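# Reading the structure
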Amino acid sequence: MGALVNCYISSAVMIPLGLLVQEVFVQPLVALRSLLPAMVGFLGGTLILLVWHFLKTRVVRFLLDYNGWFITPKHPINKLWYVMTIALLGRTTKGAGWYQDYLPSLPVPPLDHTCKMFLASVHPLLTPEECIDTEKAVIEFQSSRRTRLLHLLLRLKGWWSRNWIGEWWLNYIYLRQRTPICFNSNYYTTGTLQPTTTHTNWTEPPCSYLAISCLGSSLVRGKMETVMAEGTGVPFCMNGNRYLNNTARIPGRRWTRLLTMPMETTTHILVCRQGRFYLVDVISKDGKVLSPQGIRAQLEKVVNMAGSELDQTGMASLTALPRATWAEIRERLEANPVNAASLHAIDSAWSLVCLDTEAYDVSDLTNSSRHFFHGNGYNRWFDKSSLLIMANGNCGGNVEHSVLDATVAVHQWEYNLSEELYDEEGHVLPSSSYPGAHDFPVDPPTRLEWELAGFEDDLAKAKKNIQDMIADSDLVAVTPGFGKSFPKKCKLSPDGFYQMAMQLAYYRLHKSVVLTYESATTRFYYEGRTETIRPVSDASVTFVKAMDDQTVPRDQVKKLLKTAVEYQCDYKMKAMRGLGVDRHLLGLYILAKGLDMKPMPKLFEDKAFQLTFKLSTSQTPTHITKRKFKVPNICPGGGFGTVDKEGYGVSYIIIGEDRVNFFVNSKRSCSETDSTRFGEAICRALWDMKSLYEPAVPHSENFVC
């Protein structure tokens, strides 16, 4: 080795030093000098593009944070704002997810603003003595150094996190929930007002829906359009759409975790039939989606394999147990490789499809709603959102709520309705009519296996639990017989009009007013979800008391109604701008708890803060997609359970100009509530409110639908 090294050194010495320097240093520098202009141009161009993107993003966020377009839509400055927004974002609506980086951050409301709104919202719900105590607690809270510190920390979180409440909302409201989710979290959707095809069996409509749902991978490719505020260039946050089909809620002893499978790699769906579960391949490994005819063939195989007898093992009923109980049972199940594989097949499925044997007509909204909400106890896996298909083709959904708000689910449904294709005889068109759908060989469906020795008692308790909850659920759908065209004619907000009808109905039945929840969307902001509208006010209480007081002139009652509706509308506008009360107070409460603040601020121990929402309401949105589809095909609504076991859960949907449906849920075990009575009371209240403006006309008293 030494000789070899010496040889190299000797050879090197023989090379002239000047030539060595020329070759090693000078020539590369000369070559580099010739490339210098190109390098400078490249780096300069890259820097300019980065600076432009940074400035454009900040400017667009500033523009989208402007709310005047829906607060004062006729203001002249809105035209300038619109031109600037369109100039930067373009006229053409981009695919889902394209606008995410441009969405403004969710604001942290001013503390004084929150305290003022909170006092106004609880004043009509408290006695004079309780009001004095609450006012003292709010004044102390507002002026306290500790509260100012909490608010400062919240603002700091708002600076480094584009949505300061998002993670807390998911974790504390959903993932740490310990009660059963089937009636306390999940919600359901019904299908369409009229059948989408002339064939009254499951083999036609669901194949079209399912093929389109599987094309949800188009969401990844940006095919599904972004939801835009009507008549503007303002995009909605589309973050929730990432969890439409491919997410499961896995129970834990202390908190739940979410499993979201990559859309690009998922190849199978799960089909439930007669209480049994089947793994069904519908997507190839290279991302091709099986045609509707191919999916129908797979589903027909499942129906034949399942037979006509219900499997009463009751595996699905385990998902309706309290979360800690279900988590402990699941841990024991997963200790067995067979069970672990079956659970993973369910969790990792693109979608869960339930082929039910029941058959309610689309016009029978009450029974259809009950069926879609809870099924028979054997055919709903509540940890995963499901497409539900009855024997007559009537479709609906059961949605796991932790990451999917109703605006997201309805958008998916309307998108599907706009894409479905049938021939003149009502049959699904061939795969050539569905871009991205293919015919290719697939493995036959596989039934999931379970080894359940030692789980007999667990299953028996789970089945009894779900049957008891089903028996306790009092759900009814009603419609008054007229829609939003009337309040619009009276220059009243339809939503505010319906909210006041619910207040009047509750007061008539229960002789009191209660804390009421109404949801507002905050999807104008990055990863925005919802904020609470509190529609009860001094004005609404004055109105409901005056409505049945014949000593109050009717013109005066009309003015009171208008004032109450205007208050609700103003509160809604604030909530949609992130300036509500409830999320802000929740954030401050979480910080105080997290810092182990002792004693806790008195406001958090005050009766007003601890009131529960005995009346929980939400309007189901419609026409979210701008695609064309027939109005009779529109979703007729959906619903959810009660927040308070002594209260009501009311979902309502405005359909076109002439119809509104209400879906009312309560507990039969509560002697004070009755869903049918309350639903009918809402409809009568609407007719009575209508009679304030025009002579009463005969109408049907059969409101249940």
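This one's a predicted model, so the numbers in the text were calculated from it and none came from an experiment.

### Examining the overall build of the chain
Counting its regular elements, the chain contains 24 helices and 18 strands. Within the chain, contacts between residues separated by at least 24 positions form 77% of all contacts whose residues are at least 6 apart in sequence. A total of about 31,400 Å² of accessible surface is found on the chain, and carbon and sulfur atoms cover 58% of it.

### Some details on the pattern of salt bridges
Proximity of charged atoms lets side chains of opposite charge pair with each other. By the definition in use, this model includes 29 salt bridges. Among the ionic pairs, Asp468 bridges to Lys464, the shortest N-O distance being 2.8 Å. Pair noted here: Asp468 and Lys464 are both in helix H17 (residues 456-472), with a separation of four residues, about one helical turn. Given the relative accessible area of 41%, Asp468 is considered partly exposed. The class for Lys464 is exposed, based on a relative accessible area of 53%. Lys690 is the salt-bridge partner of Glu694, the closest N and O atoms lying 3.6 Å from each other. The exposure class assigned to Glu694 is partly exposed, which follows from its relative accessible area of 24%. Salt bridges sharing partners connect three or more residues here, namely Arg61, Asp101 and Arg162.

### Comments concerning helix H12 (residues 292-306)
Here H12 is 15 residues long and its end C-alpha atoms lie 21 Å apart, about the 21 Å a rise of 1.5 Å per residue gives. Buried residues of H12: Pro292, Gly294, Ile295, Gln298, Leu299, Val302, Val303 and Ala306, and no others. Backbone geometry just downstream of H12 places Gly307 in the positive-phi region, at approximately 70°.

### Focus on the side chain of Gln499
Its place among the elements puts Gln499 in helix H19 (residues 494-510). Since its relative accessible area comes to 0%, Gln499 is described here as buried. A polar side-chain atom of Gln499 sits 3.0 Å from a polar atom in the side chain of Thr617. Residue contacts for Gln499: discarding those within four places in its chain leaves Thr516, Glu518, Pro535, Gln568, Thr617 and Tyr652.

### Let's talk about helix H20 (residues 538-547)
Of all the 10 residues making up H20, seven are buried; the element is thus mostly covered by neighbouring parts of the structure. Those residues of H20 that fall on the buried side of the exposure criterion are Ala539, Ser540, Val541, Phe543, Val544, Ala546 and Met547. Lining the buried residues of H20 we find H19, helix H21 (554-576) and helix H24 (675-690).

### Quick notes on the nonpolar core
If you look at the biggest cluster of nonpolar residues, it comprises 57 residues, and the most contacted ones within it are Phe118, Phe141, Phe524 and Leu588. Ranked by the residues each element gives to this core, the list is headed by helix H22 (residues 582-594), at six residues. The residues touching Phe141, leaving out its near neighbours within four places in the chain, are Leu111, Cys115, Thr147, Leu585, Leu588, Pro601, Leu603 and Phe604. The next biggest cluster of nonpolar side chains, apart from the first, holds 44 residues, and it includes Cys683, Ala685, Leu686 and Phe703.

### Remarks on the packing of aromatic side chains
Summed over the entire model, instances satisfying the criterion amount to 31 aromatic pairs. Both rings, one in Tyr648 and one in Phe678, keep their centres 4.2 Å apart while their planes meet at 20°; by these two values the pair is stacked. Residue Tyr648 is located in strand S17 (residues 648-655), and its partner Phe678 is located in helix H24; the two are separated by 30 residues in the primary sequence. Pair check on accessibility: Tyr648 and Phe678 agree, each one buried. One aromatic cluster is present, built from ring pairs that chain together Phe482, Phe486, Phe497, Tyr498, Tyr652, Phe662, Trp687 and Tyr693. Taking the ring centre of Tyr526 as reference, the NZ or CZ of Arg162 above it sits at 3.9 Å.

### Comments concerning the sheet that holds strand S15 (residues 615-620)
Strand order in the open sheet made by the six strands is S12-S18-S17-S15-S13-S14, with mixed pairing throughout. What marks the edges here is a single partner per strand, and that holds for strand S12 (473-478) and strand S14 (530-533). Going across the sheet, the axis of each strand differs from the next one's by a mean of 20°, ignoring polarity. In this structure, S15 lies alongside S17, joined through six bridges in parallel fashion. The residue bridging Ser616 from the neighbouring strand is Gly649, located in S17. Contacts from H24 reach S12, S15, S17 and strand S18 (659-667), with the element oriented near 150° to S18.

### Points about the pairing of strand S5 (residues 276-281)
Counting buried positions along S5 gives five out of six residues, so the element sits mostly inside the fold. Of the pairings in the sheet, the one linking strand S4 (residues 268-273) to S5 comprises six bridges and is antiparallel in character. Looking at S5, one finds that Val271 is bridged to Tyr278. Linkage of S4 to S5, two consecutive antiparallel strands, is achieved through a turn of two residues, within which Gln274 is found at a positive phi near 55°.

### As for the sheet that holds strand S9 (residues 395-399)
Taken in spatial order, the eight strands of this open sheet run S11-S5-S4-S7-S8-S9-S1-S16, and their pairing is mixed. Because the sheet does not close on itself, it has two edges, and the strands there are strand S11 (446-447) and strand S16 (638-640). Pairing analysis gives two bridges linking S5 to S11, with the strands arranged antiparallel. Within the sheet, the bridge partner assigned to Leu279 lies in S11 and is Thr446. Where helix H16 (residues 406-419) meets the sheet, it contacts strand S1 (187-189), strand S8 (386-389) and S9, and its direction lies at approximately 150° from that of S9.

### Side note on unusual backbone geometry
In this structure, the amide linkage connecting Lys598 to the following residue, Pro599, adopts the cis form with an omega of -10°. A positive phi angle is found at Gln274, which is not glycine, with a value near 55°. Tracing the chain through its elements places Gln274 in the loop between S4 and S5. Its relative accessible area of 12% is what places Gln274 among the buried residues. The phi dihedral of Asp596 falls on the positive side, at around 55°, and the residue is not glycine.

### Details of the environment of Tyr278
Take Tyr278: it is sitting in strand S5. It is 9.2 Å that separates the C-alpha atoms of Tyr278 and Glu449, two residues lying 171 residues apart in sequence. Sequence-distant contacts of Tyr278, that is, excluding residues within four places in its chain, are made with Ile269, Leu270, Val271, Arg273, Val302, Met305, Ala306, Thr446 and Arg447.

### Notes on the environment of Ala539
One can find Ala539 in helix H20. The spacing of Ala539 and Leu561 is 22 residues in sequence and 7.8 Å in space, taken between C-alpha atoms.

### Let's talk about the pairing of S12
Across the six residues that make up S12, a large majority, six, are buried. Here S12 shows no split at all, with Ser473, Leu475 and Ala477 on one side and Asp474, Val476 and Val478 on the other all buried. Where S12 lies against S18, six bridges are found, and the strand directions are antiparallel. Across the sheet, residue Leu475 finds its bridge partner in S18, namely Asn665.

### Brief notes about the packing of helix H7 (residues 145-160) against H22
Taken N-terminus to C-terminus, the directions of H7 and H22 make an angle of 105°; their axes are 10 Å apart at the nearest point. When the axis of H7 is compared with that of H22, the two are roughly perpendicular. Along the contact surface, H7 presents Leu150, His151, Leu153 and Leu154, while H22 presents His584, Gly587, Leu588, Leu591 and Ala592. Of the residues that constitute the contact of H7 with H22, the class distribution is six nonpolar, three polar and no charged.

Rules of the game
Residues numbered from 1 in each chain as written. Predicted model: local features only at pLDDT ≥ 70, side-chain atom pairs only at ≥ 80, totals over all residues. Heavy atoms only, no water. Helix = DSSP H or I, 4+ residues; strand = E, 2+ residues; numbered from the N terminus. Contact = heavy atoms within 4.5 Å. Areas by Shrake-Rupley, 256 points an atom, 1.4 Å probe, with all protein chains shown as cover. Salt bridge = Lys/Arg side-chain N within 4 Å of Asp/Glu carboxyl O. Buried < 20%, exposed > 50% of the residue type's maximum accessible area, 1.4 Å probe, protein only. Expected span 1.5 Å × (residues − 1). Polar contact = N/O pair within 3.5 Å; in protein donor to acceptor, adjacent residues only side chain to side chain. Core = buried A, V, L, I, M, F, W, Y, C linked by side-chain atoms within 4.5 Å. Phe/Tyr/Trp six-rings, centres within 6.5 Å; stacked < 30°, edge-to-face > 60°. Lys NZ or Arg CZ within 6 Å of the ring centre and 35° of its normal. Pairing = 2+ DSSP bridges. Axes fitted to C-alpha atoms, helices over the stretch in contact; angles between N-to-C directions. Parallel < 35°, antiparallel > 145°, perpendicular 65-115°, else oblique. Nonpolar A, V, L, I, M, F, W, Y, C, P; charged D, E, K, R; others polar.

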